[in-house]
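A look at the structure
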Amino acid sequence: MSDGLTHAAWTDAVRDGRLLGGSCGQCDTTVGTPKAACPHCGARDLETVDLPTEGVVYTETTINVPPEGIEERGYQVAIVDLGDARLLGRVDGETVGVGDDVALSGYTEDEQGYTAPRFEAV
Amino acid sequence: MARAAVVGAGMTKFGVHDTPLQELFGEAAFDALDDAGIGPSDVEALYFGNAMSGQAENETHLGPKVASYVGMAGIPVQRFEDACATSANAFKNAVAAVEAGVHDVVVVGGVERCTPETGKDTDEMTRIFASASHRQYEQPAGLTFPGVFALLTKRHMHEYGTTEEQLAHVAVKNHGNGALNPRAHFGKETTVEEALDGPVVADPFRLMDCCPFSDGASALVVTSEAYADSYDAPVDVAGVGHATDVVPIADKTTPHVTQAARDAAGEAYEQAGTGADEMDFAEVHDCFTGAEILASEALGLVADGEGGPAAEEGRTARDGDVPINPSGGLKAKGHPIGATGAAQIVELVEHLRGEAGERQIPDAERAVAHNLGGDAATTVVSVMEAHR
């Protein structure tokens, strides 16, 4: 049975500088965000695991036309390969490209208190 | 054996409309009913698509509202929402219903308004569109929909060397096709130089890589195979596949392969007893130029990694070996979210009847439509054939 990684626990971890994911006990899947069951095999015994806080940029884009609620333009968003899982976040500081090494550098929060991890080049 | 037949097809011009949703849908619905030669009292059910009117126009429970406007109140109406794949999913369910004998004659279609006529500006509508990305694990980072497809396309560029110039060729082709389509949002050709000179929205996408915000509606009359021959111009529905993938993007196994499209295409081709090689043309979901390249590969129209070169070499032009988006696609025809999937079927119907005018694919016998929703985590693929 899943030990139940929740959005709240995942968010608390991001705020503490940790990244939590779910590792499937039945197949090789590890996901970077909470799931009640493995998206690939359906098994419910997902174990909450600490993901590495350093990884490699899998893909990225710089967004110049933001949604309502975000004032800045030209911010970068990346999906980071953390080894067993991938995770999306903002990128601080210098612009990074696919294959570049990055590390967790903090988090950003929207007006409803939902958080996204921030990464920066290392 | 066909699963069903489309016997009437209609749509509004896509573009900017200052009319309410029910009036827009009514125009498309009457167009389809007139094409089929039937009236509202002949219709047994309405399969209706609208994605965002609750957010964009404070308008929900649209089913009976639009049915009332077109003289169909009383019949069952079901509303579908699957982001940009909304009305293809309605179509899938309409086909299943007539095939199963639940109803003999149904109308399926969709309507949406996305332009500032809704009262929503670009930043507000960008936020509403972004509601299709994951609320907890994508939206807080400021991800937008150009951003979603930029992430998929950037990885494809890394894997295969796809270039910004190849993306521009998709835009040029689709604007050229749209210029021949009187119902297209954009009726003007463009050039690779102009496309590459536009402002960046979310790199690698510049303005001309992105479809517009559009208003519009589309509608189809669908009947069972048994009744197809009692109409003047039936077109066969040979197969409809529908699949989903994991959300958010980061949890997908290989985001740029758009696995749901591959699974849906496999299902549709299998039902139709055909394959990608047999398609005379395709209408694909080019919300962004990169999305057309990913779709051309996922549908098997070109080999993996060849989507960019195929666009650049003209293979996907109307006179190429794998014509894609003769309508102009979402890029030029426009993209009123909930109307897009059924409008792709309208385009297939017109070509398969030989009635597509200047943009007609000569002697088209079989074609495929690809309509995706969200980050491609919903995809519906439909194969249609000229009636035999």
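Conventions and cut-offs
Residues numbered from 1 in each chain as written. Chains lettered and ligands numbered in written order. Predicted model: local features only at pLDDT ≥ 70, side-chain atom pairs only at ≥ 80, totals over all residues. Heavy atoms only, no water. Helix = DSSP H or I, 4+ residues; strand = E, 2+ residues; numbered from the N terminus. Rg over C-alpha atoms; globule rule 2.2 N^0.38 Å. Contact = heavy atoms within 4.5 Å. Areas by Shrake-Rupley, 256 points an atom, 1.4 Å probe, with all protein chains shown as cover. Salt bridge = Lys/Arg side-chain N within 4 Å of Asp/Glu carboxyl O. Buried < 20%, exposed > 50% of the residue type's maximum accessible area, 1.4 Å probe, protein only. Buried area = accessible area lost by both parts, 1.4 Å probe. Nonpolar A, V, L, I, M, F, W, Y, C, P; charged D, E, K, R; others polar. Pairing = 2+ DSSP bridges. Core = buried A, V, L, I, M, F, W, Y, C linked by side-chain atoms within 4.5 Å. Phe/Tyr/Trp six-rings, centres within 6.5 Å; stacked < 30°, edge-to-face > 60°. Lys NZ or Arg CZ within 6 Å of the ring centre and 35° of its normal. Axes fitted to C-alpha atoms, helices over the stretch in contact; angles between N-to-C directions.

Thoughts on the overall build of chain B
What chain B contains, in helices and strands, is 13 helices and 11 strands. Its C-alpha radius of gyration of 19 Å places chain B within 12% of the 21 Å reference for a compact globule of 388 residues. Overall, the C-alpha framework of chain B stretches about 55 × 45 × 40 Å when taken along its three principal axes. A sequence separation of at least 24 residues applies to 77% of the contacts in chain B between residues at least 6 apart. Entry remark: accessible area of chain B is about 12400 Å², with carbon and sulfur atoms responsible for 46%.

Considerations on the pattern of salt bridges
Opposite charge on two side chains permits pairing when their charged atoms draw close. The final tally for this structure, using the stated rule, is 26 salt bridges over all chains. Note that Arg 18 of chain A is salt-bridged to Asp 50 of chain A, the shortest N-O span being 2.9 Å. On the criterion of sequence distance, the pair formed by Arg 18 of chain A in the loop between α1 (7–15) and β1 (19–24) and Asp 50 of chain A in strand β3 (residues 46–51) is long-range, its members being 32 residues apart. The class for Arg 18 of chain A is partly exposed, based on a relative accessible area of 39%. Residue Lys 173 of chain B pairs with Glu 292 of chain B through a salt bridge whose shortest N-O separation is 2.8 Å. With Lys 173 of chain B in helix α7 (residues 164–178) and Glu 292 of chain B in helix α10 (residues 289–298), the pair connects residues that are 119 residues apart, well separated along the chain. Among the residues examined, Glu 292 of chain B registers a relative accessible area of 2% and is labelled buried.

Let's talk about the interface of chain A and chain B
In this complex, chain A contributes 37 residues to the contact, which on the side of chain B involves 35 residues. Here chain A meets chain B over a buried area of about 3100 Å², counting both sides, of which 56% is carbon and sulfur. A per-residue breakdown of the area chain A buries against chain B is headed by Tyr 58, Glu 68 and Leu 88 of chain A, which together make up 20% of the total. Linking chain A to chain B there are 4 salt bridges. Here Arg 135 of chain B and Asp 110 of chain A are joined by a salt bridge, their closest N and O atoms 3.0 Å apart. Where the side of chain A that touches chain B is concerned, the elements lending two or more residues are α1, β4 (54–63), β5 (75–81), β6 (86–92) and β8 (115–121) of chain A. The greatest single-element share of the side of chain A that touches chain B, amounting to 6 residues, is contributed by β4 of chain A. Classifying every residue of the side of chain A that touches chain B gives 18 nonpolar, 12 polar and 7 charged.

A look at the pairing of strand β1 (residues 4–11) of chain B
Residues and elements named next belong to chain B. Burial of β1 is extensive: 8 of the 8 residues sit out of reach of the surface. As paired elements, β1 and strand β8 (residues 235–244) share 3 bridges and run antiparallel to each other. If you follow Ala 4 over to β8, its bridge partner there is Val 237.

Re the nonpolar core
Residue and element names in this part refer to chain B. Among the nonpolar cores identified, the biggest contains 37 residues, and Val 6, Tyr 47, Phe 91, Leu 220, Val 222 and Met 384 are the most heavily contacted of them. No other element matches the 8 residues that helix α13 (residues 337–352) contributes to this core. Beyond its immediate chain neighbours, meaning those up to four positions away, Val 6 contacts Phe 91, Leu 220, Val 221, Val 222, Ala 233, Pro 234, Val 235, Val 237, Ile 345, Val 349 and Met 384. Core analysis: the second largest hydrophobic core is formed by 33 residues, Phe 149, Leu 152, Ala 202 and Cys 211 among them.

Details of the packing of aromatic side chains
By the definition in use, this model includes 7 aromatic pairs over all chains. Between Phe 205 of chain B and Phe 288 of chain B, the ring centres sit 5.3 Å apart and the planes meet at 10 degrees, which makes this aromatic pair stacked. Of this pair, Phe 205 of chain B sits in strand β6 (residues 205–206) while Phe 288 of chain B sits in the loop between β9 (281–283) and α10, and the two are 83 residues apart along the sequence. With relative accessibility at 0%, the residue Phe 205 of chain B sits in the buried group. Using a relative accessible area of 6% as the deciding quantity, one classes Phe 288 of chain B as buried. Against the face of Tyr 75 of chain A rests Arg 90 of chain A, its NZ or CZ located 4.1 Å from the ring centre.

Overview of α10 of chain B
An α-helical segment advances 3.6 residues per turn. Residues three or four places apart therefore align on the same side. All names here are of chain B. In terms of burial, α10 is largely enclosed, as 10 of its 10 residues are buried. Turning to α10, its buried residues number three or more, namely Thr 289, Gly 290, Ala 291, Glu 292, Ile 293, Leu 294, Ala 295, Ser 296, Glu 297 and Ala 298. Just downstream of α10 lies Gly 300, where phi reads positive at about 80 degrees.

Structural notes on the sheet that holds β3 of chain A
Residues and elements named next belong to chain A. Taken together, 3 strands build an open sheet; the order of strands is β2-β1-β3 and the sheet is antiparallel. Across the chains shown, the open sheet's two edge strands, defined by having one partner strand only, are β2 (30–31) and β3. Looking at chain direction, β1 and β2 are connected through 2 bridges and run antiparallel. By the bridge assignment for β2, Ser 23 is matched with Thr 30.

Some thoughts on the side chain of Ser 382 of chain B
All names here are of chain B. When you line up the elements, Ser 382 lands in strand β11 (residues 378–386). When its relative accessible area of 2% is taken as the criterion, Ser 382 is described as buried. Residues in contact with Ser 382, not counting those within four places in the same chain, are Phe 91, Gly 239, Val 240, Ile 345, Leu 348, Ala 367, Val 368 and Ala 369.

Section: the environment of Val 247 of chain B
Residues and elements named next belong to chain B. Structurally, the position occupied by Val 247 is in the loop between β8 and α9 (259–272). The partly exposed category is assigned to Val 247, whose relative accessible area is 33%. With 223 residues separating them along the chain, Val 247 and Leu 24 place their C-alpha atoms 33 Å apart.

Brief notes about the sheet that holds β1 of chain B
All names here are of chain B. Spatially, the 9 strands line up as an open sheet ordered β3-β2-β4-β7-β1-β8-β11-β10-β9, and their pairing is mixed. The open sheet has two free edges, formed respectively by β3 (77–80) and β9, since each of these has just one partner strand. Each strand of the sheet is rotated relative to its neighbour by a mean of 25 degrees, with strand direction disregarded. The pairing of β8 with β11 spans 9 bridges and is antiparallel. Looking at the pairing, Val 237 lines up with Met 384 of β11. Its contacts with the sheet place α13 against β1, β2 (45–49), β4 (105–113), β7 (215–223), β8, β9, β10 (366–373) and β11, and it is angled at close to 175 degrees to β10.

Just distances and angles here, no functional claims.
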